[in-house]
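# A structural walkthrough
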Amino acid sequence: MNRKLCLTVAVLVMAVLLMPMYQSTAYAAPSDKTRVYSVVPTEGIPSEYSDCGMGYHYGAGILQQANSYSAGTSDTGYLLLCRSLIMQQPGAYILKAIGESIANKVVDKISYTLYFEMWDGYKWVTIGSESYAEYNSDTAISMHYKSVSPRKYYRVTTYHYVLDDGEVDINSTTSGYIYVK
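Described below are features of the structure shown in this document. Since the model is a prediction, treat every value here as computed from it, not as a measurement.

This part takes up the overall build of the protein. When its secondary structure is counted, the protein shows one helix and eight strands. Per-residue burial over the protein gives 41% buried out of 181 residues. Long-range contacts, defined here as pairs at least 24 residues apart, represent 68% of the contacts in the protein between residues at least 6 apart. Entry remark: accessible area of the protein is about 10,300 Å², with carbon and sulfur atoms responsible for 55%.

A word on the pattern of salt bridges. This model, assessed by the stated rule, comprises four salt bridges. Glu100 is the partner of Arg83 in a salt bridge, and the nearest nitrogen-oxygen pair spans 2.3 Å. Placement of the pair is Arg83 in strand β3 (residues 79-88) and Glu100 in strand β4 (residues 94-119), with a sequence separation of 17 residues. Given a relative accessible area of 29%, Arg83 falls into the partly exposed group. What makes Glu100 buried here is its relative accessible area of 7%. Across the salt bridge formed by Lys123 and Asp120, the nearest N and O atoms sit 3.2 Å from each other. Assessed through its relative accessible area of 38%, Lys123 is described here as partly exposed. Judged by its relative accessible area of 28%, Asp120 is partly exposed.

What counts, and where the lines are drawn
Residues numbered from 1 in each chain as written. Predicted model: local features only at pLDDT ≥ 70, side-chain atom pairs only at ≥ 80, totals over all residues. Heavy atoms only, no water. Helix = DSSP H or I, 4+ residues; strand = E, 2+ residues; numbered from the N terminus. Buried < 20%, exposed > 50% of the residue type's maximum accessible area, 1.4 Å probe, protein only. Contact = heavy atoms within 4.5 Å. Areas by Shrake-Rupley, 256 points an atom, 1.4 Å probe, with all protein chains shown as cover. Salt bridge = Lys/Arg side-chain N within 4 Å of Asp/Glu carboxyl O.

Structure, rendered in structure tokens:
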């Protein structure tokens, strides 16, 4: 594949992956119903563990943990395992997140973008993001840290993707949410 085509495909993939960060949909509330503030998240899944929220997805729906949200895999099916994990560092207001993307073979590029999210009383808002990529590999995995405020709920949403010989595979996972005391 020529260099110009590879560059074009890479730019398109990045545009698709970054789109959720720059767009939001506004919904008008019916006149008789207003959005109600809730300290505890009304969207998402609470973690089974008080300080750790896991979310993962095995390709082709083989296994999907109940504590995670996962979008469908594309027809190319390169992504074998996608995972998001968030945990609180003991004794500190620091979150540690792990993103992991595993392909079923060595690919040109495997990567993810991980978004730290906080519940603001009405919806999940992004408070930071991290990206990680590997080239000519079948695995992208790394740890990321974020300082946060106490008495809030947090989670991570991760967009995983593969680029191999011009074909793209994209998936997403969202961890269960945790409360930072």
